[in-house]
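Structural overview
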Amino acid sequence: MNINYSRLSALIFLLFFIVYSYLASEIKVFSFDENADFNARTFPTFISYIGIFVSFLTLVLSKNEHEKLGQYEWLKVIVLFVLVFTYGIIIKSIGFFLSTNLFLMVAYYYLGVRSPKIIILSSIPVVAGLQFLLHELLDVYIRDPFLQTIGVIS
Amino acid sequence: MNEGILIGINTAFSGYNIFMVMAGCFAGTIIGMLPGLGPMSAIALMIPITYGFDPASAMILMAGVYYGAIFGGSTSSILINAPGVAGTVSSSFDGYPMSQNGQAGKALAIAAYASFSGGTIAAIFLLIAAPQLAKVSLSFQSADYFALMCVGLLSIAAFASKGQFLKAMIMTALGLALATVGQDALSDITRFAFGNINLMDGISFVLLVMATFAMSEAFMIIFKKMDISFKASDVSKAKLGSIKLSKAEVKEMAPVIGRSSVLGFLVGVLPGAGATIASFLAWGFERSIASAKDKLKFGKGSIKGLTAPETANNAACTGSFVPLLTLGIPGSGTTAVMLGALLSFGVQPGPRLYIEQPELFWAVIVSMYIGNVVLLFLNLPLIPYIARILAIPKNILVPLVLFFSVTGVYLISFNAFDIYFMAIVAFLSLVLRVLNYPMPPLILGFILGGMLEKNLRRAILINDGSFSFMWERPISLALFVVMIIIVLLQIYQGIQKNKT
């Protein structure tokens, strides 16, 4: 049996469903429900059986699929992933307006946009427009320390 | 029923809801046109926007987006041979050659008229079929619903997996497993939350859909170095040519529209099938019944070859609403996303919807027709201008899609944990998609998970812990037979594939 990405992923899923099965058996149910025909454990247990069965079949029956994962832009995606993560970290502290504009500007620049005019026009009006739509038209309040400091919102 | 239709017409024709259809069609056309972003991404992006709306208006907007996305997908298929949506791949077979022969305007007009006719005929079928099926489904019990949902899950795994049935089944099981995170609906016992307060309420449906579709699509564009840029000058009015059709051309289209509408609607009603299969079947069917002379034109700019898939994919979109509205079971990934949205509004689609909320039930059906009219009269003349959206370079588009996805999820919960979780899910989805694991079965499993557990629980408790309901109730038995046939068919196809 050759190891390929399909088999490897099937093996990971097999392990995942085995762990899931164990965790399902560990779900604490009420004592009066322990021997009931159907309790909080029953459905997850069924799912784990299905998961284990199909992952095992995939592991055994998978064929070589010639996946060449090296040819893709892994680094760029990882950087974007980190950028989204960072956006999540700073959004609470510096507010929606500033963090979103920063996120967009850095993403544009990283993906190759070099014109400051395009970077600014594709970020500030978009974010301001959305925030206006949310605040004024949809009545969705977003706390924003930056805009509060400069007196744009109360 | 007549009263219900009148209520539906009244709701759908309110100024606000007509605006919703128009906005939906317009937004859907723009998003559907962008290669990589299909109707599921388009609808996912709309969900956070609709949270303040009433359910009828939200559904009307989403139905408009669905139609618009399919129409937009056809446009990019015809103009640049880059289908924005899988359901419009077969439109490029004849649409793109027509475009290259200087008949882009005509090809777009054929696509618009065929979509309009297919959607209209299918809306009439829906008008007749939906109430009948809703009445029949009132006799369904928990065991039958459980069996029906199993058929839905199995068939979407079978039809939507491009030959990767086992991988699709893994994704279905994963979706079901994710649905069990959080509190158990009956006992309120928390499962699989690992003490994390953010997981105690379960995983957000919007988060999962946004991450697996919109965000992972954006990652995919960068990951696969997809070249989606296009020159705006290529879709200028002068280059598109005339959009007028001759009498002979209309005569050639008419019978194809009739056949493809019926075929598309029936395929759309089947769980798991949908617009992609319908459009390929219609193209193949028209080719097989064409005369030897006409057959040679297929793939080289045949009017019949473009009319058939365009009619069928729109008819299938309408057809896929039948199981959603009458049984509460989505027939496709896109309607699964809509079901999730409806559930988040507190609306439970199913046979009772027809009786208890006729304004929603009928308004959606009526608005589908309005959507077809909007697409024909609003979008067709605007295509040269709308198509300029294709000129947006990917380095601008990708950050914007990421921004709308993240914002959409954040604005619901105002919880930064959702952003981290979403990024992780999107990254994992990207890896899984590269390894040919399809995402629609995951979403369908996630959405149906709660309902499946509830109905299985009821069925087992009613039967004193026995699984005898599987063979004692005729409807359940018939549905389990269908499941066995689907599995056997997959095994047979697998064996045939191995032989070749």
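Quick caveat: nothing in here was measured; it's all calculated off a predicted structure.

Some details on the overall build of chain B
Counting secondary structure elements, chain B contains 22 helices and two strands. In terms of overall dimensions, chain B has C-alpha extents of about 70 × 60 × 50 Å along its principal axes. Taking all 500 residues of chain B together, the buried fraction comes to 62%. Sequence-distant contacts in chain B: of pairs separated by 6 or more residues, those separated by 24 or more amount to 79%.

Things to note about the overall build of chain A
Each helix and strand in chain A was counted, giving seven helices and zero strands. Listed N to C, the secondary structure of chain A is α-α-α-α-α-α-α in terms of helices and strands. Taken over C-alpha atoms, the radius of gyration comes to 25 Å for chain A, far larger than the 15 Å a tight globule of 154 residues would show. Each principal axis of the C-alpha atoms in chain A carries an extent, and together these give about 60 × 50 × 25 Å. Put simply, chain A has 154 residues, and 26% of those count as buried. A separation of at least 24 residues holds for 60% of the contacts in chain A among residues at least 6 apart in sequence.

Topic: the interface of chain B and chain A
Interface extent is often summarised as the accessible area lost during association of the parts. Every contact between the two is made by 43 residues of chain B and, on the other side, 51 residues of chain A. When residues of the side of chain B that touches chain A are traced back to their parent elements, those giving at least two are helix 7 (165-179), helix 8 (205-223), helix 18 (394-413), helix 19 (416-434) and helix 20 (440-462) of chain B. It is helix 18 of chain B that contributes the most residues to the side of chain B that touches chain A, 10 residues altogether. Taken together, the residues of the side of chain B that touches chain A break down into 30 nonpolar, six polar and seven charged.

Comments concerning the domain arrangement of chain A
Split by domain assignment, chain A resolves into domain 1 (5-70) and domain 2 (74-149). Measuring from the centre of the C-alpha atoms in domain 1 of chain A to the corresponding centre in domain 2 of chain A gives 39 Å.

Re unusual backbone geometry
Residue and element names in this part refer to chain B. One non-glycine residue with positive phi stands out, namely Phe192, at about 55°. Phi angles above zero are rare outside glycine, and Phe414 is one such case at about 50°. Looking at the secondary structure, you find Phe414 in the loop between helix 18 and helix 19.

A word on the confidence of the model for chain B
Residue and element names in this part refer to chain B. In the predicted model, chain B carries a mean pLDDT of 82, and 91% of its residues have values of at least 70. No element of chain B has a lower mean pLDDT than helix 9 (residues 237-240), which averages 59, and none a higher one than helix 7, which averages 93. Scoring the predicted complex yields pTM 0.80 and, for the interface, ipTM 0.91.

Considerations on helix 20 of chain B
Residues and elements named next belong to chain B. Over its 23 residues, helix 20 extends 32 Å from the first C-alpha to the last, a length consistent with the 33 Å expected when each residue adds 1.5 Å. At Leu448, helix 20 shows its largest bend, some 45°. For helix 20, the buried fraction is high: 18 of the 23 residues fall into the buried class. A positive phi of about 55° marks Asp464, the residue just after helix 20.

Comments concerning the environment of Ala218 of chain B
For Ala218 of chain B, the position within the fold is in helix 8. What makes Ala218 of chain B buried here is the crowd of 28 C-beta atoms within 10 Å.

Some words on the nonpolar core
Membership of the largest hydrophobic core comes to 204 residues, with the highest contact counts inside it found for Ile43, Met62, Met210 and Met422 of chain B. Here this core spans two domains, and each of domain 1 (5-70) and domain 2 (74-149) of chain A adds at least three residues to it. Setting aside its immediate chain neighbours within four residues, Met62 of chain B contacts Gly24, Ile43, Met46, Met338 and Ala341 of chain B.

A look at the packing of helix 4 (residues 55-80) of chain B against helix 5 (residues 91-137) of chain B
Residue and element names in this part refer to chain B. Contact geometry for helix 4 and helix 5: axes closest at 9 Å, N-to-C directions at 165°. By the angle between their directions, the pair helix 4 and helix 5 is classed as roughly antiparallel. Handedness of the helix 4/helix 5 crossing: right-handed. Residues Tyr67, Phe71, Ser74, Thr75, Ser77, Ile78 and Leu79 of helix 4 lie in contact with helix 5, whose contacting residues are Ser91, Ser92, Gly95, Tyr96, Ser99, Ala104, Ala107, Leu108, Ala111, Ser115 and Gly119.

Re the packing of helix 11 (residues 275-289) of chain B against helix 13 (residues 303-319) of chain B
Residues and elements named next belong to chain B. Relative to each other, helix 11 and helix 13 sit at 145°, their axes nearing to 8 Å. Crossing angle aside, the handedness with which helix 11 passes helix 13 is right-handed. Judged by residue contacts, Ala275, Ala278, Ser279, Leu281, Ala282, Trp283, Glu286 and Arg287 of helix 11 engage Lys304, Gly305, Ala308, Pro309, Thr311, Ala312, Asn313, Ala315, Ala316 and Cys317 from helix 13. Of the residues in the contact of helix 11 with helix 13, the class split is 11 nonpolar, four polar and three charged.

Digging into the environment of Tyr22 of chain A
As for its placement among the helices and strands, Tyr22 of chain A is situated in helix 1 (residues 5-25). Through-space distance from the C-alpha of Tyr22 of chain A to that of Asp144 of chain A is 44 Å; in sequence the pair is 122 residues apart.

Some thoughts on helix 2 (residues 42-61) of chain A
End to end, helix 2 of chain A covers 29 Å across 20 residues, agreeing with the expected 28 Å (1.5 Å per residue, within 8%). Residues of helix 2 of chain A that are buried make contact with helix 1 of chain A together with helix 7, strand 2 (190-191) and helix 20 of chain B.

Reading guide: rules and limits
Residues numbered from 1 in each chain as written. Chains lettered and ligands numbered in written order. Predicted model: local features only at pLDDT ≥ 70, side-chain atom pairs only at ≥ 80, totals over all residues. Helix = DSSP H or I, 4+ residues; strand = E, 2+ residues; numbered from the N terminus. Buried ≥ 20, exposed ≤ 12 C-beta atoms within 10 Å, placed from the backbone. Contact = placed C-beta atoms within 7 Å. Rg over C-alpha atoms; globule rule 2.2 N^0.38 Å. Nonpolar A, V, L, I, M, F, W, Y, C, P; charged D, E, K, R; others polar. Domains from an automatic or database assignment. pLDDT = per-residue confidence, 0-100. Expected span 1.5 Å × (residues − 1). Bend = angle between axes of the 7 residues up to and from the residue. Core = buried A, V, L, I, M, F, W, Y, C linked by C-beta atoms within 7 Å. Axes fitted to C-alpha atoms, helices over the stretch in contact; angles between N-to-C directions. Parallel < 35°, antiparallel > 145°, perpendicular 65-115°, else oblique. Left-handed = near helix turned anticlockwise from the far one by under 90°.

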